[in-house]
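Structural overview
Here are the chains, one letter per residue:
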Amino acid sequence: MAVSVILILIQKLGSLLIDEANYLSQVKPEVESLRKELRLMTAFFKDADAIYHKSEPAKEWVRQLKELAFEVEDAIDIFVYEEAKKRGRKIVGKITKFPKLVINAHQLRGKIQDINGKIKKLKDDRINYDIKPKPVVDQGGQTWSTTDHQAQHHHQLEASSSAQKFRPVDVVGLQSEAEELAKLLMEEKPLGRFGVVSVIGMGGLGKTTLAQKIYNRDDVKKHFVCQAWVRLSKEYRMKDVLCNIIKQVMVLTEAEKDALASKEAGILEEKLSDFLKEKKNYLFLLDDVWAKEDWDKLKNTFPVPCNSQKCRVLLTTRDEGVARHADPIAPNPFKLQLLDEENSLKLFSKVFFRSTDDTEAVARLNSLDKEMKHLAMDIVKKCDGLPLAIVVLGGLLSDKRLTTPIEWKKVLDSVKWHLDSSNCQKVLALSYSELPSHLKPLFLYFGVFPEDTEMRRDRLIQLWGAEGFLEPRGNLRMEDVGGECLEELMQRNLIQVAKWKSNGVPESFIIRDPLLNLAISEAKESNFLNIISTPQESLNCYRRVALQDKHGENNMAEEASYNFSSSMSSNSNQLLRSLLCFIEMSPSLYGQFKLLNVLDLEGAPGIKSLPKEIRKLIFLKYMNLSRTSLETLPPWVGNLYNLQTLSVVGTEIESLPIEILKLGKLRNLLFYGIKMKQAFNDSIVGNGIIGIYRRQHSPHHRHVHHLSDLQTLFLPSGDWIENGLEKLTGLRDLRILGVDMEKFREKLSQALVNLVRLEALNLSDFRNGKTIFPSLSNHVYLHYLYIYGRIQKLPDLHNFPPNLATLQLSNTHLKEDMMRMLEKLPQLKDLSLWSTYDGVVMKCYAGGFSKLESLCFVQFDWLRYWIVEEGAMPNLSILEIKDLFGLKWIPGGLRHITTLQKLTLAMPKEFLERVEEGEKHWEKIKHVPSINTREVEGHRTEEQFTKYERKWFTATGEMIPDDDH
């Protein structure tokens, strides 16, 4: 971590000299000298970092260096803060005109000179602290010292899809066990009250991987009417668990899903119980149950199965007592064992060679020379047969530039100096110590999130950027560098992908408990991070604090706020740079940390307004207020001139102040309130920049193009579209949601022509429904497109983005069948159509939609006949048909789509009866493993449908299809 701290400080000093030139001009020579001295010291820092865990003197040397680095950062930040507070942002002219500032600059100059002297002394004393140059051997055998070799190697990843490179590693040596457990779950005879089948074992043995493999089997999916998989944590909330289960087992609209969050746990429990009583069988996977009390609370949410019902629970736990307590008369828990040598080598080979085939992986291992094979066996022995350790170590070695015996021996020797009790801990600790310097703080940062949190890729990268962990490199933006870093961590198997985007880029990540614990312990040891729930402990020495609820259902917010306030000291106020809050805390406390860079309050309760104390936080680069109850954003937010990210998605806010346009460093502006669909009005839209409202004193001359660094922009429609949108050529993600999109048709179309770097585009008109579908033929990076609102017709095929992977059309009400056009999109994988078509017949032709994996139809008002030819949609995996009240039958062509894994039907009772097992249309879908149904009521009579149908066939001249299609 020492190297990371210094490199970040070097980068920050460079940025400050540019961004705060008005304040630092008097001390620029001293700051430049300090920056140069630190850059020259990085090699010594690397040497110290390499022996950090095995040398107490080295630890002390590193500690002193970090303290000096923090002292530098604090001195300069406090100087800039105090001067900015005195004079605001209205400085014009030379800094020497201000006598008080000259005095302060003199004091800062003396402080920097003193620190510079201490740094030089530490450099001279390094030998006394066991810090010696470490020899490095290159491929040609040449040796040099790290003190002579300063070049940074930046690993360039292959351009192939991440989704293809980082498939999760399957279980090894457990095929027969998986068969046995699956058979047990599907057993017809009683297995106890709930039919619990348990998998037990220590962390890292692969319980979740095995359970997931069983849960996703086709025969298991077909056997159970509904399934749900819940990953638990030590501090789970029952309300969250119930919401999660309900969303999986019930077919809900988006509005119904959103409404679940406002309901009490008791109401959710009743809702789930009533639903399950009507099901003949169901399966729950409860992953990682920690205590008997957890099971007792969970089982009470399930209705007691009657004689005709079969309830099964697949439970994973580390505690055999929990498994036996869950169902005393159920079969004995299946206990996972450590892998033997053969399977350990097989798993290592699959990870190292990134192969999904056991035979191929072993063959490639056997192709290595004798010395390498022996080293592989020695390395695997260090893992004691623990799959997680093997996966992590295999990932570490696969990332090595030099796959030579020397490199492998160095890894083998490195494990020995760790003093932990188990080899697994040694291997995991080694995986961290072997990380390149720039990746260490990024891995530790996962520790700020609560256990089992699904972390969005964009949020992580924005946080890292605000922390100073990322900087542009060559032609790569800061966001691109962050994406590369995430791929490196994935490649080393330190994090896993939770969700993928349709273009093969990860959308979110999770981290396994043992690795999360490693991140937290390493972060605390190096004073990188402190995690507290009721903050009684000192905050001194920590640059980052995460407030997390460790009391499950009992959110002790009031006590947390009191203790947090009482535990403050002037030093902690000075040190803290990042605060991430996952629990309720008095907003007035946030303003106490005057040097704060990061304030992340996403989802934190109790926030309706921003206290004026926050206006003093001029160093803020990242402020996330999404999913809070915030009602307004005050004008003084425009004074937070360092902001890079401002997110107020899912709040009660209806408009933004015009002062937002003063934030010239903004890279991400995300505004979409939950009331916006209802709240749009002419006064807001007409008077300025969206809901960016104007007052008498507002700077009318500023326009949206002044935010020239924007990468992400979510805004309601408004006059701002005509005032500079076309100049924001760096935009990657643009979402315009509002009313009267027709008014801006010409300007918006012209602007979009210039925004060729867009990767995602959302254009939605919620009032009169008229929107545009612009020509996007030159947008080669655009993979996601969402259009909401009426359009006359789809554009010609050549006007679509050539690499479009996800398309969502809503409320377009097209008159012509759009499938003939859409099926020709070469890269389309995900298609969602809501109220898109007003025709009676729709047809999918043979050979069409060659790459489509997911298809969703919702609320086609008049559709009666859907025809699917054999050979259409050959890769379809997920199909959802909802609220198609006039549809007469399920397409016969579905019987030919053997890849179909999940079918969701939210349809009228008469339709569902025709597709039940044994009924007329069952044969068309009986091969689908998972079929979820929900009965809904239509709002039109059969007579109305027949009348519209007759009129449509007369107008088009088409023939009525037969039901064999």
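Just so it is clear, the structure is predicted and the values come from calculations on it, not from any experiment. (Residues numbered from 1 in each chain as written. Predicted model: local features only at pLDDT ≥ 70, side-chain atom pairs only at ≥ 80, totals over all residues. Heavy atoms only, no water.)

Along the backbone of the protein there are 32 helices and 31 strands. Residue burial in the protein is summarised as follows: out of 965 residues, 55% are buried. Intrachain contacts of the protein at a sequence separation of at least 6 include 64% that bridge at least 24 residues. (Helix = DSSP H or I, 4+ residues; strand = E, 2+ residues; numbered from the N terminus. Buried < 20%, exposed > 50% of the residue type's maximum accessible area, 1.4 Å probe, protein only. Contact = heavy atoms within 4.5 Å.)

Attention now goes to the sheet that holds strand β5 (residues 281–287). Strand order in the open sheet formed by five strands is β4-β5-β6-β3-β7, with parallel pairing between adjacent strands. Since the sheet does not close on itself, it has two edges, and those belong to β4 (226–231) and β7 (334–335), each with one partner. (Pairing = 2+ DSSP bridges.)

What follows deals with the pairing of strand β3 (residues 196–200). Counting buried positions over the five residues of β3 gives five, a clear majority of the element. Going residue by residue along β3, you find Val196, Ser198 and Ile200 tucked away on one face and Val197 and Val199 tucked away on the opposite face as well. For β3 and strand β6 (residues 310–317), the ladder comprises five bridges, and the chain directions are parallel. Following the sheet pairing, Ser198 is matched in β6 by Leu315.

Tallying each qualifying case throughout the model produces 21 aromatic pairs. Between the aromatic rings of Phe773 and Phe800, the centroid separation amounts to 5.2 Å while the plane-to-plane angle is 70 degrees, which identifies the pairing as edge-to-face. With a gap of 27 residues between them, Phe773 in the loop between β22 (760–765) and β23 (784–788) and Phe800 in the loop between β23 and β24 (806–810) connect regions that are remote in the sequence. Both rings, one in Tyr837 and one in Phe860, keep their centres 6.4 Å apart while their planes meet at 75 degrees; by these two values the pair is edge-to-face. One end of the pair, Tyr837, is in the loop between β25 (830–834) and β26 (841–844); the other, Phe860, is in the loop between β27 (854–858) and β28 (865–868), and 23 residues separate them in sequence. Among the aromatic residues, those joined into a cluster by ring pairs are Phe348, Phe352, Phe353 and Trp408. Directly above the ring of Tyr432 sits Lys440, whose terminal nitrogen or CZ lies 5.4 Å from the centroid. The aromatic ring of Phe528 is capped on one face by Arg544, whose charged end is 4.1 Å from the ring centroid. (Phe/Tyr/Trp six-rings, centres within 6.5 Å; stacked < 30°, edge-to-face > 60°. Lys NZ or Arg CZ within 6 Å of the ring centre and 35° of its normal.)

Now for the pairing of strand β31 (residues 930–935). Summarising the sheet, strand β30 (residues 902–907) and β31 pair through six bridges and their orientation is parallel. Counted as the bridge partner of Thr904 is Asn932 from β31. Remark: the β30/helix α31 (residues 909–914)/β31 crossover connection has right-handed handedness. (Right-handed = clockwise from strand over helix to strand, strands pointing away.)

This paragraph deals with helix α10 (residues 238–249). The terminal C-alpha atoms of α10, which comprises twelve residues, lie 17 Å apart, in line with the 16 Å expected from a rise of 1.5 Å per residue. For α10, every residue scored as buried is listed here: Met238, Val241, Leu242, Cys243, Ile245, Ile246 and Val249. Of the surrounding elements, those touching the buried residues of α10 are β4, α11 (254–260), α12 (265–276), β5 and α13 (292–299). (Expected span 1.5 Å × (residues − 1).)

Turning next to the nonpolar core. Leu633, Leu725, Leu822 and Trp866 are the most contacted members of the largest nonpolar core, which totals 118 residues. In terms of residue count, the dominant contributor to this core is β28 (four residues). When sequence neighbours within four positions are dropped, the list of residues in contact with Leu822 reads Leu794, Phe800, Leu807, Leu809, Leu828, Leu831, Leu833 and Phe849. (Core = buried A, V, L, I, M, F, W, Y, C linked by side-chain atoms within 4.5 Å.)

Time to look at the pattern of salt bridges. Inspection of every chain in the model, using the stated rule, returns 37 salt bridges. Note that Arg577 is salt-bridged to Asp74, the shortest N-O span being 2.7 Å. Pair noted here: Arg577 is in the loop between α26 (570–575) and β13 (578–581) and Asp74 is in helix α4 (residues 56–87), with a separation of 503 residues, a long-range link. Neither Arg577 nor Asp74 differs from the other in exposure class; each is buried. The salt bridge involving Glu602 is made with Arg459; its shortest N-O contact spans 3.7 Å. With Glu602 in the loop between β14 (598–600) and β15 (622–624) and Arg459 in helix α22 (residues 457–467), the pair connects residues that are 143 residues apart, well separated along the chain. On the accessibility criterion, Glu602 (7% relative accessible area) is buried. Assessed through its relative accessible area of 9%, Arg459 is described here as buried. Shared partners join several salt bridges into a network, and the residues in it are Glu73, Asp74, Asp77, Arg543 and Arg577. (Salt bridge = Lys/Arg side-chain N within 4 Å of Asp/Glu carboxyl O.)

Time to look at the sheet that holds strand β10 (residues 506–510). Read across the sheet, three strands follow the order β8-β10-β9 without closing on themselves; strand pairing throughout is antiparallel. The outermost strands of the open sheet, each flanked by one partner alone, are β8 (455–456) and β9 (496–500).

So, about the environment of Lys118. Looking at the element boundaries, Lys118 is found in helix α5 (residues 99–124). Overall, Lys118 belongs to the partly exposed group, its relative accessible area being 38%. Sequence spacing of Lys118 and Leu68 is 50 residues, and the spatial spacing of their C-alpha atoms is 7.9 Å. Setting aside anything within four residues of it in sequence, one finds Lys118 in contact with Leu68 and Glu71.

To continue, consider the packing of helix α15 (residues 341–352) against helix α18 (residues 387–398). Taken N-terminus to C-terminus, the directions of α15 and α18 make an angle of 40 degrees; their axes are 8 Å apart at the nearest point. Relative to α18, the element α15 lies oblique. Of the two elements, α15 crosses α18, and the hand of that crossing is right-handed. Facing α15, whose interface residues are Ser344, Leu347, Phe348, Val351 and Phe352, α18 presents Pro387, Ile390, Val391, Gly394, Gly395, Leu397 and Ser398. Tallied by class, residues from the contact of α15 with α18 come to eight nonpolar, four polar and no charged. (Axes fitted to C-alpha atoms, helices over the stretch in contact; angles between N-to-C directions. Parallel < 35°, antiparallel > 145°, perpendicular 65-115°, else oblique. Left-handed = near helix turned anticlockwise from the far one by under 90°. Nonpolar A, V, L, I, M, F, W, Y, C, P; charged D, E, K, R; others polar.)

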